[in-house]
Structure formats: structure tokens, C-alpha cells
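# Analysis of the macromolecular model
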Amino acid sequence: MSTLVKIFNIFPVLPPPNSLPNSPEVLTFLDILWLVFSPVQRIFFYDPLEQKTDDPLDQKTDFSDVIVKLKESLSLTLRYFYPHTGKLVLSETSGLLEIQYDHIDGVAFHVAEAEAEAEADYEALTRSSVHNTNIFLSLVPPLLVHNFPAPLLSVQATRFPNGGLCIGISFHHGVADGKSFTNFVEAWAEIHKSGDRSCQPCHDLSVLCDPGGISTLYMNNFSISKEGFPAPKFLKPSDLVTTTFIIDKESIVRLKKRAMRNEAEGRTFYSTFVVGCAHIWVCTAKAKQLRDESEMGFTFPVDCRSHVRPKMPEEIVLDPVFYSVNGKIVASGFMSMAGSPRFGLYEKDFGWGRPMRVEVVSIDNDGGIGLAEARDEESGIKVSLSLASCEMDEFRSLFLEDIYLCIILVFGDLVTHSALCWNLSSKLIVGIVSRGISCCMW
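Residues numbered from 1 in each chain as written. Predicted model: local features only at pLDDT ≥ 70, side-chain atom pairs only at ≥ 80, totals over all residues. Heavy atoms only, no water.

## Considering the overall build of the chain
Looking only at helices and strands, the chain has 11 helices and 16 strands in total. Looking at the chain as a whole, 52% of its 442 residues are labelled buried. Within the chain, counting contacts between residues at least 6 apart in sequence, those at least 24 apart form 77% of the total. A total of about 20,100 Å² of accessible surface is found on the chain, and carbon and sulfur atoms cover 52% of it. (Helix = DSSP H or I, 4+ residues; strand = E, 2+ residues; numbered from the N terminus. Buried < 20%, exposed > 50% of the residue type's maximum accessible area, 1.4 Å probe, protein only. Contact = heavy atoms within 4.5 Å. Areas by Shrake-Rupley, 256 points an atom, 1.4 Å probe, with all protein chains shown as cover.)

And the structure:
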């Protein structure tokens with residue numbers, strides 16, 4: 001694929017007048033925990049320029065009109081999600097990390113066009129299970145988060161030759177978690193489609209206290225100064241590939257039944273999240289040909305909104321997320337998961353219908369996982385995974401083979417060579433459940 005993406009304009013987008021607070025907002029210890037991570041980047045593919053009407057005059061919509069409406073609706077959305085318009089700084093007076101709203105230049109809105117030799121490129125980008133990582137990365141705008149003052153959000157709209165549109169969003173993980181980001185996109189889509197927002201976010205952080213000085217510990221650990229902080233470095237295989245897999249409803253049922261067979265009393269409830277993650281974890285460990293006595297971590301975010309006292313509102317805009325780590329089953333290394341099947345990403349309709357495809361671009365590290373609901377499989381989940389090329393080939397075969405073994409196990413014919421896989425996945429599932437993590441996420 002020879003598609004090239006070229007930026008031909010950048011617009012600053014500001015909220016309506018008198019939308020911003022007069023004083024800065026201080027980051028909480030939950031926000032600072034995520035400060036040093038790279039921006040979270042998502043892409044949403046749509047077909048808005050091909051209007052499905054009987055009138056030939058309505059078949060095409062001018063791209064400039066689409067951009068104008070996207071900018072206008074984004075401005076109205078920022079009225080509710082105003083922290084995204086600020087700049088992150090280390091206050092010289094208080095010594096605290098703050099979002100300041102003085103002298104802001106707005107959210108950068110990048111307008112781009114994709115050039116391609118064939119219109120089939122867009123079809124491949126929206127349907128191929130193997131990601132074209134270089135193209136996907138070019139569809140999200142830059143966001144430099146490690147130098148202060150740091151922007152918190154940037155947006156890109158890219159037009160394709162066949163009329164397709166990709167909306168790419170980069171957001172600072174230090175001021176919003178995945179749920180807050182999803183609420184932002186949902187609000188933008190609703191305002192773009194209908195002109196108003198039915199539910200408003202909450203910015204009241206008074207429920208959070210930090211009597212133990214956790215914020216200071218984080219800031220010292222991350223070497224934060226008035227200039228910024230060093231960016232973390234991750235080893236990335238030169239042959240890294242990212243591929244999307246679907247676990248359909250029937251396969252999830254088989255995985256749950258398989259887990260239940262290993263319980264003596266058969267009373268434990270295994271969620272879709274738990275069995276899905278266990279299946280991914282086991283297949284990755286086997287693809288890497290790791291030894292049983294070694295360690296491998298599996299990290300994933302846990303939403304704390306309903307687990308603090310008093311409870312936080314579901315609409316609160318911050319980063320109330322901890323990472324939970326499990327391991328000691330297989331070999332060295334770790335896997336890191338982003339997203340959730342409960343975010344409803346394929347329901348973000350700007351008026352053009354459901355997205356053709358949604359992906360997390362920022363999982364391009366070894367063991368990076370993006371989790372979402374499946375677009376066309378009811379109660380199914382979509383898994384996007386990054387591994388070295390040789391490991392991905394092995395993972396692909398194991399991913400389907402182990403689900404097939406579930407069919408045999410569920411119906412009573414235990415195959416001898418599946419015993420190791422059965423043992424491993426059972427331990428992983430029990431390990432996750434035993435720490436009480438499943439109830440927090442799914």
C-alpha cells in the first residue's frame with residue numbers, strides 16, 4: 001500500500017467565550033500516576049462523504065463543509081470538556097502540577113488528505129486484520145506531552161480518495177482515562193449530529209484527598225521539573241506487527257465453560273473480560289515459547305470510580321484508574337492492555353452511521369493490547385495485539401486452536417496434548433479472579 005498522508009492545514013479550536021475557569025486546576029495523584037505515559041491515540045474510520053440518498057445532487061458532500069462542522073461541534077464540546085483546552089505546567093508558586101488556561105492557543109485541529117494509487121487502500125485499512133502501522137500512525141496528530149507547557153488534546157481529520165474519512169485523536173493520559181475520553185468522543189459526536197449534549201461531565205474533584213502525599217512521591221519518582229520530565233523508553237522489536245482478532249459470543253461461552261470445569265464446586269463466575277484476557281495471555285506465553293517457572297506480567301486498567309468512598313460520579317473527568325498487575329505463571333516480560341469492551345466505541349455516530357473501524361494506535365509496543373467490543377459480533381470482543389512477526393504467526397494459530405480445544409473440553413473428550421494449555425489457562429483465570437479484579441472491570 002502506497003498511501004501517503006499530507007497535512008495541509010492546522011486550525012486552533014477554542015471553546016465559546018466565557019467557558020474557561022478563572023483559576024488553574026490541580027492534578028490529583030490519580031492523574032499524576034499516568035503523566036509520563038505517551039499519549040493515547042485512537043482512530044475512527046467513517047464514510048461520511050458518500051451520502052446514501054436517491055438524489056444524485058446529494059451524493060457528495062464537500063470536504064470543507066465537513067471540516068467546518070467538525071470544528072464548530074468540537075468547539076461546543078470543549079465548553080463541557082474544557083480541561084482539554086488548557087496547558088499542563090509545574091506551578092512555580094505552588095510547586096504543583098496544574099492545568100492553566102491563561103494564554104492558551106486552543107486544540108490543534110489538523111486537516112489532512114490521503115493520496116493513494118488505488119481506492120481499495122481505504123477498504124484494506126478498514127477491513128484487514130493486519131494493521132498498516134505506518135499509515136495508522138500518520139492518521140493521528142502529534143501531541144508533545146513531555147515538555148511543559150504541554151498540550152492535552154489534538155485532533156486530525158483525514159480524507160481518502162474514495163470519500164472515506166478518518167478522525168484521529170491524541171489525548172494526554174495524565175488528565176483523562178479511557179472512560180473520560182470515550183465520554184468526550186460521545187459528546188462530540190452527539191453535538192455534531194444533533195447540536196446539543198444530553199449529559200454533562202463532572203469536574204468536581206473535591207472527593208479526592210491526598211493526606212499521604214502520594215502526588216509528591218510520584219513527582220519525585222518521575223523526575224518532574226518546570227521544563228517537563230524524561231520520556232520513558234520501551235524496547236520495540238524491529239519486526240513488530242499488530243493484528244486484530246475477534247472472539248465471538250460462542251467462543252466466549254466455550255471459554256467460560258472450560259474454566260468452570262476446573263472448579264471443584266463450579267460456583268465461580270468468570271466474566272467475559274477474565275476469560276478473554278486469560279486466553280490472550282496463554283496464547284502469547286505459548287507463542288513466545290516461555291517456560292512455566294518464569295514470570296510474565298499482565299497489566300490492565302481498573303476503574304476506581306465506584307470503589308472509593310464517597311463514590312465518584314460516572315461522568316467525572318479525570319484519570320481515576322489504577323493498573324493491576326498479575327503474573328508468576330509464565331516467562332519474563334509483561335503485556336499491557338488498553339480499552340474495554342464496555343466503552344461502546346462503535347456507537348460513536350457523528351451522523352454518518354457507525355464507525356467502519358476503531359483502533360488504538362498507541363499499542364505499538366511488544367505485548368501491547370487494545371480491547372473493544374466487536375463491531376459486527378453481538379457480545380463479542382475485538383482484540384488488537386502487537387508482537388514480533390514470528391511470534392504473531394504462532395499466536396494466530398494458537399488463538400483459534402485453543403478455542404477449538406475448548407469445544408472438545410466442554411463436551412467431555414479431553415485431548416492429551418491439550419493438558420498443558422488447560423493447566424496454564426486455568427491457573428491464569430483463577431489468578432485473576434482470586435485478586436478480586438474481575439468485579440472491577442467487567
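## Things to note about the side chain of T77
Within the element layout of this structure, T77 appears in helix α2 (residues 63-80). Since its relative accessible area comes to 0%, T77 is described here as buried. Not counting residues within four places of it along the chain, the set of residues in contact with T77 comprises F184, A187, W188 and I191.

## Focus on the layout of surface pockets
Size it by volume and the second largest pocket reaches roughly 320 Å³. Considering the residues around the second largest pocket, the lining is formed by 14 residues, among which T126, R127, M356, R375 and D376 are closest to the centre. Every element with two or more residues in the lining of the second largest pocket is listed here: α3 (120-127), β10 (240-247) and β14 (357-360). When the residues that make up the lining of the second largest pocket are grouped by side-chain class, the tally is 3 nonpolar, 4 polar and 7 charged. (1 Å grid on protein atoms, 1.4 Å probe; cavity = no way out; pocket = protein on both sides within 12 Å on 5 of 7 lines; lining within 4 Å. Points joined across faces, edges and corners; volume = space filled by probe spheres on them. Nonpolar A, V, L, I, M, F, W, Y, C, P; charged D, E, K, R; others polar.)

## A few points about the confidence of the model for the chain
Looking at the chain, the pLDDT average stands at 79 and 76% of residues meet or exceed 70. Residue range residues 316-331 is modelled with pLDDT below 50. Its contacts to residues more than four positions away, or to other chains, number 97 contacts. Long-range and interchain partners of residues 406-442, a stretch whose pLDDT sits below 50, account for 78 contacts in this model, where long-range means more than four residues apart. (pLDDT = per-residue confidence, 0-100.)

## Here we look at the pairing of strand β15 (residues 368-373)
Along a regular strand, successive side chains alternate from one face of the sheet to the other. Of all 6 residues making up β15, 6 are buried, and the element is well covered by its neighbours. Two elements, strand β13 (residues 334-339) and β15, share 4 bridges in a ladder whose sense is parallel. Each bridged residue has a counterpart across the sheet, and for G339 the counterpart in β15 is L371. As judged from the 5 bridges shared by β15 and strand β16 (residues 381-388), these two strands associate in the antiparallel manner. Looking at the pairing, I369 lines up with L385 of β16. (Pairing = 2+ DSSP bridges.)

## Thoughts on the environment of P24
When you line up the elements, P24 lands in the loop between β1 (4-13) and β2 (25-26). Setting aside residues no more than four positions away along its own chain, P24 makes contact with E98, I99 and Q100.

## Considerations on the packing of α2 against helix α5 (residues 178-194)
Running from N to C, α2 and α5 cross one another at 125°; their axes reach a closest spacing of 9 Å. If you check the angle between α2 and α5, you find them oblique. With respect to the hand of their crossing, α2 and α5 are arranged in right-handed fashion. Contacts between α2 and α5 involve K69, L70, S73, L74, L76, T77, L78 and Y80 on the former and, on the latter, F184, A187, W188, I191 and H192. (Axes fitted to C-alpha atoms, helices over the stretch in contact; angles between N-to-C directions. Parallel < 35°, antiparallel > 145°, perpendicular 65-115°, else oblique. Left-handed = near helix turned anticlockwise from the far one by under 90°.)

## Comments concerning the sheet that holds β14
The mixed open sheet is built from 6 strands, whose spatial order is β1-β6-β8-β9-β3-β14. What marks the edges here is a single partner per strand, and that holds for β1 and β14. For this sheet the average axis-to-axis angle between neighbouring strands, irrespective of direction, equals 15°. Note: strand β8 (residues 153-159) against strand β9 (residues 165-171), 7 bridges, orientation antiparallel. Each bridged residue has a counterpart across the sheet, and for R159 the counterpart in β9 is L165.

## Concerning the packing of aromatic side chains
Summed over all chains, the structure comprises 19 aromatic pairs. With 5.2 Å between their ring centres and 75° between their planes, Y46 and W352 make a pair best called edge-to-face. Of this pair, Y46 sits in strand β3 (residues 40-46) while W352 sits in the loop between β13 and β14, and the two are 306 residues apart along the sequence. The exposure class assigned to Y46 is buried, which follows from its relative accessible area of 0%. Plain terms: the ring middles of F81 and F184 are 5.6 Å apart, the flat faces sit at 80° to each other, and that makes the pair edge-to-face. Remark: F184 occurs in helix α5 and F81 occurs in the loop between α2 and β4 (87-90); sequence separation between them is 103 residues. On the basis of relative accessible area, F81 is assigned to the buried category, the value being 2%. Residue F184 is classed as buried on the basis of its relative accessible area of 1%. Each member of the aromatic cluster is reached from another via a ring pair, and the members are Y46, F81, F184, W188, F350 and W352. Between the NZ or CZ atom of K71 and the centre of the ring of F11, over which it lies, the distance is 3.6 Å. (Phe/Tyr/Trp six-rings, centres within 6.5 Å; stacked < 30°, edge-to-face > 60°. Lys NZ or Arg CZ within 6 Å of the ring centre and 35° of its normal.)

## Considerations on the sheet that holds β2
As summarised here, the arrangement of the 4 strands in space is β2-β5-β4-β7, forming an open sheet in which the pairing is antiparallel. Among the strands making up the open sheet, the edge pair consists of β2 and β7 (150-151). Here β2 runs beside strand β5 (residues 97-100); their pairing, made up of 2 bridges, is antiparallel. Each residue of the ladder has a partner; that of E25, found in β5, is I99.

## A word on unusual backbone geometry
Note that the residue after F148, namely P149, is joined by a cis bond; omega there is -5°. Take P149: it is sitting in the loop between α4 (133-138) and β7. Even without a glycine there, the phi angle at N18 is positive, about 65°. Mapped onto the elements, N18 comes out in the loop between β1 and β2. Phi at S223 is positive, roughly 55°, even though this residue is not glycine. Take S223: it is sitting in the loop between α6 (214-221) and β10. By relative accessible area, which is 46% here, S223 ends up partly exposed.

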